[in-house]
Amino acid sequence: MNGEGPGVCAVIDPEQGDHGTMELHGIWDTASFHRALHRVAENIPDARHPGCRLVAHGQDLHIVELSGGQAPPAPAALGRLADLLTAAPEPRPGTGPAAAAAGQPCRTLPRTEPVTPLQQQRLADALAWPGHQVEQVLWRWHGPLDPARFEAAWHAVGERESVLRTAFVWDPRPRAVVFDRPLSDVVRHPHRTVIRRAALPARERARAFDLRRPAPVRLALLDSGPRDAAAPFTDILLTYHRALLDSWSVRLLMRECCRAYLAGGALPGGERRPDLGDCARRIAAQAPRPAPDPRQEPAPLPAPDVRQEPAHRPAAQPPLRPADRTGTGKGPRTGKGPGAGARTGAGARTGPGTAAHTGTGTGVLRAVLPPVRSNRLTHWAARWGVAESSVLQTVWALLLYRARDTAPAPATVGFGLDFPGRGLLLDGIEGIPGPFENTLPLTLTVDPALTLPRLLRTLRDAVMDLSAYEWATPASPATARTLGPRAGGLLAFDCGPGPETAYGDELAAHGIRLEEQEAAGAPAGYALRLRAGHDTRRALVLTCAYDRDLIDDTTTATLLAHTVRLLRLLPVTATAATTVADVLAWMPRTPTPPVPDGPAARDTAPLVLLRGTPAPATATVCLLDTPGAPYTGHRELLRHYRGPEALTALRPACGPPHAQADALVRLARAGGRLVLGGYCGTGALACELAHHITRAGVRPPLVVVGGPDGDPHAPRSLAAALQRASASATRP
């Protein structure tokens, strides 16, 4: 761990000595070396650890000789040692990890925890699509707000909840690290300090999360303007990463923040237990079965029946008789445009941070079903023994069926469903913040001759069957063998504890009223994500976040309008004898646009050529991205590198290291010796890749690990170390 000035760079050469050597360039103290050895043994207890001898060759060069033995040290342990030796200095006693510079990983690692399979999937997805795992919830705080008291309250929540003090390290696979203190990221924006209120969510979403730092949540406070002086308010925008939190969890955290605010900025008691680490161990101990293979074709729906059935699900049912495929024709037939019925007061509107025109990025549209209509929908759904969520899912399935244009023949449709994921048998699971919300694919066959109540209950039962796997990770994102990856969009129904419900009376006693405005974020790997939830007036709010690279604003607005139209019509028009064909006949004459599949991989090539070689060279340099760090594209490093070698970048991959190693083996065989390089945090991954390359019969690569990517001196020192390593590549 280096001192001031340019940081330490490590160069690992497996061909030197008994089991290789590690050159350390830079000024540092030997006590850091022994601390790093102890930490490697603590963090990777099951691996073979390097037996080392430290030899000084001047003030700024030390050689770590890996001593002989029956077997070489484990690649993960050796790479982790390089990461620790090249990391930023430890904070001085009493400063804690909060003193670390922004963008740099903190150095204290009090304890490590396992990660759940769902976390592994989201971390892998974040490597390919960083924005897919970032979501937001917006609250409006009516009344006086003491910023210092609020920040103290949020810090107290971080002291209590270990998930707010959690980061990730890769050695080379991810592990959760729980720090002693949280890094509270609360920023207050007085009026007129941002472009406009609607621009704040987009700006916060654009700020990448550094998963190596214990800050999975950011809070932005935006004060109201002078024209609202009679009734001042503050918007509280909470932006979070889904690798550590979900929508249920952020409502839990805001509830705890309100509790701490009412208590003067403090929370009684210590750290919450059980916590996310306990849940991860329970899931690992249960060895969960995988979710049902989503690529299997769905079982056909029961034969249609026009008889009125009881609202509950009977224990046994007699055989159902086919019904006449001719619809009753009841209900309004209209040729009105697709905007009928979809409105927020007067019409569907674009949400925060989204313009009304088509472009790139994430768009957000909202529509509201007023309280009277929302209450009518609730009672109508209860008549058939289902919840509002089942009605929304049925309406969405009907729109997907209509978009396929196969009527009157049955057709298979599929879409994703968000589950709370809190079915784990663990005491207090409903009060533990963590990334439990899970997406599972649902497929069903829609038959126009089926009665609507029967379809409602069949879909309800299918969702109940899927809920048994709500905390399992699906093996594939596909929804059916005949459907594309992540087809049909994603539906979610917000639930969980609302802070305004738990502490509304206590806040009102202080002249405060808290109101959730909306929950929005990225479509999580789908073309669009439709979230439904109730506001404080019990109105049903529909928020649609969509990928504008896959689906345009007009198509999304049409789908949202059709959805709201059916949610308004069904309670006043549908009866026990209404069939699917009848409901489809009530739709406007304009066609329903299809929902595209989720995004495919942008580029399947694992290697990207950054710079070709102008002259014959003895080495090829391949740069690695630091896992969990915001992507930079190696721009600064390219500017400082002066060697003649070709520069290649290895794309982050969701698969195991040997999948990337196959591409590196071909690269190593094409030219001179391979040199793997990257900033601090890539050492474990680079050593693991080098191990796989060597097993393929290729000359062992050199591994170069630089300082932290947030260090302004790191690009220059890493470029110099790569040049020295490349120049020595011909050394036997």
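Since the model is a prediction, treat every value here as computed from it, not as a measurement.

Each value, and the rule that gives it
- Residues numbered from 1 in each chain as written.
- Predicted model: local features only at pLDDT ≥ 70, side-chain atom pairs only at ≥ 80, totals over all residues.
- Heavy atoms only, no water.
- Helix = DSSP H or I, 4+ residues; strand = E, 2+ residues; numbered from the N terminus.
- Buried < 20%, exposed > 50% of the residue type's maximum accessible area, 1.4 Å probe, protein only.
- Contact = heavy atoms within 4.5 Å.
- Axes fitted to C-alpha atoms, helices over the stretch in contact; angles between N-to-C directions.
- Parallel < 35°, antiparallel > 145°, perpendicular 65-115°, else oblique.
- Left-handed = near helix turned anticlockwise from the far one by under 90°.
- Core = buried A, V, L, I, M, F, W, Y, C linked by side-chain atoms within 4.5 Å.
- Pairing = 2+ DSSP bridges.
- Salt bridge = Lys/Arg side-chain N within 4 Å of Asp/Glu carboxyl O.
- Phe/Tyr/Trp six-rings, centres within 6.5 Å; stacked < 30°, edge-to-face > 60°.
- Lys NZ or Arg CZ within 6 Å of the ring centre and 35° of its normal.

Visitor: Break down the side chain of His62 for me, citing the residues and quoting the values.
Guide: For His62, the location among the structural elements is in strand E4 (residues 61-66). Relative accessible area serves as the criterion here: at 7%, His62 is assigned to the buried category. Ignoring sequence-local partners within four residues, the contact set of His62 consists of Met22, Glu23, Leu24, Trp28, Leu54, Val55, Ala56 and His57.

Visitor: Describe in detail the packing of helix H4 (residues 147-160) against helix H6 (residues 247-262), supporting the description with residues and values.
Guide: In the contact formed by H4 and H6, the axes pass within 8 Å of each other and the chain directions differ by 125°. Considering their axes alone, H4 and H6 lie oblique with respect to each other. The way H4 lies across H6 gives a crossing that is right-handed. Of the residues in H6, those in contact with Arg149, Phe150, Ala153, Trp154, Val157 and Arg160 of H4 are Leu253, Glu256, Cys257, Ala260, Tyr261 and Leu262.

Visitor: Outline the nonpolar core, supporting the account with residue identities and numerical values.
Guide: Formed by 59 residues in total, the largest nonpolar core has its most connected members in Trp380, Val391, Trp396, Phe415, Leu567 and Leu570. Ranked by the residues each element gives to this core, the list is headed by helix H9 (residues 388-404), at 9 residues. When sequence neighbours within four positions are dropped, the list of residues in contact with Leu570 reads Trp380, Val391, Val395, Leu452, Val583 and Trp586. Listed in part, the 50 residues of the second largest apolar core include Phe150, Val157, Met254 and Phe436.

Visitor: Describe in detail unusual backbone geometry, supporting the description with residues and values.
Guide: In the segment running from Arg273 into Pro274, the intervening peptide bond is cis, with an omega of 0°. Turning to its location among the elements, Pro274 is positioned in the loop between H6 and helix H7 (276-286). Between Ala407 and the following residue, Pro408, the backbone shows a cis peptide bond with an omega angle of 10°. Following the sequence through the fold, Pro408 ends up in the loop between H9 and strand E14 (411-419). Of note, the phi angle at Arg538 is positive, near 70°, even though the residue is not glycine. Exposure remark for Arg538: the relative accessible area of 49% places this residue in the partly exposed category.

Visitor: Please give an account of the sheet that holds strand E22 (residues 646-650) that cites residues and values.
Guide: Across the sheet, 9 strands lie side by side as E3-E4-E2-E1-E24-E23-E21-E22-E20; this open sheet has mixed pairing. Strands with a single pairing partner mark the edges of an open sheet, and in this sheet they are strand E3 (52-56) and strand E20 (607-611). Each adjacent strand pair in this sheet contributes to an overall mean axis angle of 25°, direction not counted. Direction of pairing for strand E1 (residues 9-13) relative to strand E2 (residues 21-25): antiparallel, over a ladder of 5 bridges. Within E2, the residue paired with Ala10 across the bridge is Leu24. Sheet strands in contact with helix H2 (residues 75-85) are E1, E2, E3, E4 and strand E24 (702-705), and its direction is about 10° off that of E2.

Visitor: Residues and numbers for the pattern of salt bridges, please.
Guide: A side chain with one charge can pair with a side chain of the opposite charge if their charged atoms come near. Evaluation of the coordinates by the stated rule reveals 33 salt bridges. Asp223 serves as the salt-bridge partner of Arg188, at 2.8 Å between the closest nitrogen and oxygen. With a gap of 35 residues between them, Arg188 in strand E9 (residues 186-189) and Asp223 in strand E10 (residues 217-223) connect regions that are remote in the sequence. Take Arg188: its relative accessible area is 45%, and that puts it in the partly exposed class. Accessibility expressed as a relative area gives 12% for Asp223, which makes it buried. Within the structure, one salt-bridge network assembled from shared partners comprises Glu135, Arg242, Arg251, Asp418, Glu437, Asp494, Glu516, Arg529 and Arg531.

Visitor: Talk me through the sheet that holds strand E8 (residues 174-178); I want residue IDs and the actual numbers.
Guide: The 3 strands are arranged E5-E8-E7 in an open sheet whose pairing can be described as antiparallel. Edge positions in the sheet fall to strand E5 (111-113) and strand E7 (166-170), since each of these pairs with one other strand and no more. Taking the axes of each pair of neighbouring strands and ignoring which way they run, one obtains an average angle of 40° across the sheet. Relative to E8, E5 runs antiparallel, the two being bridged by 3 bridges.

Visitor: Hey, could you go over the pairing of E22 for me, with residue numbers and the actual values?
Guide: Within E22, 5 of the 5 residues are buried, which leaves the element mostly enclosed by the surrounding structure. Residue alternation in E22 divides its side chains into two sets, Ala646, Thr648 and Leu650 and Leu647 and Ala649, and both sets are buried. Relative to E22, E20 runs antiparallel, the two sharing 4 bridges. Among the inter-strand pairings, Leu609 is bridged to a residue of E22, identified as Thr648. Note: strand E21 (residues 619-624) against E22, 5 bridges, orientation parallel.

Visitor: Any details on the packing of aromatic side chains? Residues and values, ideally.
Guide: Counted by the stated rule, this structure contains 4 aromatic pairs. Aromatic pair Phe168 and Trp170: ring centres 6.2 Å apart, planes at 50°, arrangement tilted. The pair Phe168 / Trp170 is uniform in exposure class, with both members buried. For the pair Trp380 and Trp384, a centre-to-centre distance of 6.3 Å together with 75° between the ring planes defines the contact as edge-to-face. With respect to class, Trp380 is no different from Trp384; both count as buried. In this structure an aromatic cluster arises from ring pairing among Trp141, Phe150 and Tyr261. Cation over ring: Arg140 sits above Phe233, and NZ or CZ is 4.0 Å from the ring centre. It is Arg218 that lies over the ring of Phe209; its NZ or CZ is 4.1 Å from the centre.

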